[in-house]
There are 2 protein chains.
Amino acid sequence: MSGALTIAVDAMGGDFAPQQVIAGSVRFLRSCSVESDGVRLLLVGDPDVIQACLRAEGAESEPGLSIVVATQVIGMEEHPLESVRKKSDSSISVCARLVKSRDADATMSAGNTGACLVAAMMLIERLPEISRAPIATFMPSRGGGATLIVDAGANVDCQPSHLADFALLGSLYMEKVARITRPRVALLSNGEEDGKGNELVKRTRSLLEALPVNFIGNVEGNTLFEDFADVAVCDGFAGNVSLKTAEGMGTLALTILEERARSASSEIERLAIEDALAAVRRRVDWAEYGGAPLLGIDGVSIIAHGRSDARAIASALGVASRTARSGYVDAVKAALKDRAA
Amino acid sequence: MSGALTIAVDAMGGDFAPQQVIAGSVRFLRSCSVESDGVRLLLVGDPDVIQACLRAEGAESEPGLSIVVATQVIGMEEHPLESVRKKSDSSISVCARLVKSRDADATMSAGNTGACLVAAMMLIERLPEISRAPIATFMPSRGGGATLIVDAGANVDCQPSHLADFALLGSLYMEKVARITRPRVALLSNGEEDGKGNELVKRTRSLLEALPVNFIGNVEGNTLFEDFADVAVCDGFAGNVSLKTAEGMGTLALTILEERARSASSEIERLAIEDALAAVRRRVDWAEYGGAPLLGIDGVSIIAHGRSDARAIASALGVASRTARSGYVDAVKAALKDRAA
């Protein structure tokens, strides 16, 4: 894709919205290199509130920023389906419609994840050949790379055919957006041997073997972090448990290191531990700062962590920009056309 | 239980058997306080090999150690069911029969986990009221405690009634062995709200509400580490994914800290980082050093990590000893009798 890129930003969604969302948007715009094609951000929400935040950032007349009015906000705890149905002028729904009408190339929200999913299904729409739209999230791996978990929580009960769709969507994502040649696709399981797995995993194997993806077999929870696979396919229940367990264990390690830094007996020791802690944090916070793409829909929708600060928002906007520019959605459509033929 | 306690030790099982198993057994015996009731270990395997290891440890005439002959060994990669069927004189099977005949109060093995499970089912036998026997494993939690995951991998496809059994078995384990009053029992799920969960979780809720356990609702992968629940109930697939993801993330954090320690610019900084690393390792290696009890069988069987060194073996023997002395199996039988009444 050449020419300017437009991203609809849900200015009202997230634990630290709108202030941190606006700050992150400004940060992202200012970090875009002048040589690259222009990026335009549509800040969607309450114009007065957005203006006040822009003033606080010294960005009232920042080039590339526009405001789009949305009169309603969906809260973080509201019921996804009901809230999207009732609040047709919510910032999440307005963002989704901007993608549907092609007025935006992508949308990004740190708001209610369930509502983002529902809005994407109802307003941007699922690709007709895909039966379930999964969320994809990155897990850090030892060498510095990452494994894409598909599905990380959108569909908790799945059939083998759903997992086959996730494999295709994940493989194309890593190929087009992360630019990995022949991404290694694996099934998340309880053992690496071919015979291991629950009924779902066992019934999915033959489907993945028949797909035009580089299926390499099973991956276990521990080898997720060992640069063994580029894509790990699972139902949204297992994916969510794995993702959150990784978060929990990472936080436990960080907490222990923080305590050690506080109780260090000298300044030089404290700084050494804090330096090591920062190195761990950069990898552990990966999930929080990645921005999770919603796959299988007819457009680009990136879901940021609810706790996103300005840095996380800027990072998620980077994911939105790279995903939109990569031509990922068109590649999925072409692959689905091939599959149907 | 008063009087001497006898533990049958699979001397031949584990990546570092028999040497580390024997070393760990000697270490465990020597750490038992003289005031406590005596402990006797039956080292099961090839007598010549065991004798040689005992000599290397300077423990040929260690009081409390006996050798029981087993002429066969089940390898770590052998098929569980086939190997137990074919090798009736394997160290794993001989250990299980010693528990069955009440010549031992417990057994401990770092060998082929699947074979230990099969031997327990076939030779020690499942309690008739329990339909599936789960493995229970501890996850470290922030305050220094732990959450017991049941099932951690023995039964990958489960029905709600199986999970209800796991809840009862796990709750009694934490009550009798960890001496926690009214252990908090939770369902591992993809969200804490009551409505969250896959079909299995949703159908299990009402069963847990009707049980004589302190059911507190759902626990998520991240809150597993936050001293939120004492027991987390799940099918063996989700439990295994969670456990191994925690191992993987823990190892990633340790690897980063090791790299930092190596590249430290001064000795004092290196030591500070290594000290912090050791603090993280003590929590992360919890799973490896805990020893996992197999629940729902008519006896005590503790499964140690395949990579167990002498310290891990000694730790697993401690779990075996505490479990046998706690009267856990009798408590389960009494609870099942109450349930049937």
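Now for a look at the structure at hand. Along each chain, the written sequence defines residue order, and numbers are assigned to residues from 1. All chains are assigned letters beginning at A, and all ligands numbers beginning at 1, according to the order in which they are written. Totals for whole chains, interfaces and linings use every residue, but because this is a predicted model, local features are given only for residues with pLDDT of at least 70 and side-chain atom pairs only at 80 or more, for both listing and counting. Excluding hydrogens and water, the side-chain figures rest on all heavy atoms present in the structure.

### Let's talk about the relation of the copies chain A and chain B
Working step 1: All copies are superposed by least squares; the fitting set is the C-alpha atoms of residues with a pLDDT of at least 70 in both. Between chain A and chain B, the superposition needs a rotation of 180 degrees and an axial shift of 0.0 Å, giving an RMSD of 0.0 Å. Viewed as a symmetry operation, the transformation between the two copies matches a two-fold axis.
Working step 2: Only heavy atoms enter the contact rule, under which two residues are in contact if any of them lie within 4.5 Å. Mapped onto chain B, 98% of the interface residues of chain A are again interface residues, and the two copies thus contact each other with one and the same surface.

### Some words on the packing of helix H8 (residues 236-262) of chain A against helix H8 (residues 236-262) of chain B
Working step 1: Between H8 of chain A and H8 of chain B, the shortest axis-to-axis distance is 8 Å and the interhelical angle comes to 35 degrees. As for the relative orientation of H8 of chain A and H8 of chain B, their crossing is right-handed in sense. Residue-level contacts link Phe237, Ala238, Val241, Ser242, Thr245, Ala246, Met249, Gly250, Ala253 and Leu257 of chain A of H8 of chain A to Phe237, Ala238, Val241, Ser242, Thr245, Ala246, Met249, Gly250, Ala253 and Leu257 of chain B of H8 of chain B.
Working step 2: Following the grouping adopted for this structure description, the nonpolar residues are Ala, Val, Leu, Ile, Met, Phe, Trp, Tyr, Cys and Pro, the charged ones are Asp, Glu, Lys and Arg, and the polar ones are all others, Gly among them. Split into classes, the residues belonging to the contact of H8 of chain A with H8 of chain B amount to 14 nonpolar, six polar and no charged. For helices, the fitted axis covers only the stretch in contact; all axes are lines through C-alpha atoms, and the angles between them, taken along N-to-C directions, range from 0 to 180 degrees. Strands are runs of DSSP state E lasting at least two residues, helices are runs of H or I lasting at least four, and both sets are numbered from the N terminus onward. Note: crossing handedness is left-handed where the near helix turns anticlockwise from the far helix by less than a right angle, and right-handed where it turns clockwise.

### Some points on the sheet that holds strand S8 (residues 214-219) of chain A
All names here are of chain A.
Working step 1: Following DSSP output, two strands are said to pair if at least two bridges run between them. Here we have five strands laid out as an open sheet, ordered S5-S6-S9-S7-S8, and mixed in their pairing. Strands with a single pairing partner mark the edges of an open sheet, and in this sheet they are strand S5 (136-140) and S8. Averaged over all neighbouring strand pairs, the angle between strand axes comes to 30 degrees, with direction disregarded.
Working step 2: Bridge count for strand S6 (residues 146-150) against strand S9 (residues 231-233) is three bridges, and the pairing is parallel.

### A word on helix H9 (residues 267-284) of chain A
Residue and element names in this part refer to chain A.
Working step 1: To estimate the expected span of a helix, count its residues, drop one, and scale the result by 1.5 Å. Between the first and last C-alpha of H9 there are 25 Å, a value that for 18 residues agrees with the 26 Å anticipated at 1.5 Å per step.
Working step 2: Buried within H9 are the following residues: Glu269, Ala272, Ile273, Ala276, Leu277, Ala279, Val280, Arg283 and Val284. Viewed along the axis of H9, the buried residues span an arc of 155 degrees, placing them on a single side of the element. Per-residue accessibility, obtained with a 1.4 Å probe over protein chains only, is compared with the maximum for each type, and a residue is labelled buried under 20%, exposed over 50%, and partly exposed between these values. In this description, the arc belongs to the directions extending from the helix axis to the C-beta atoms.

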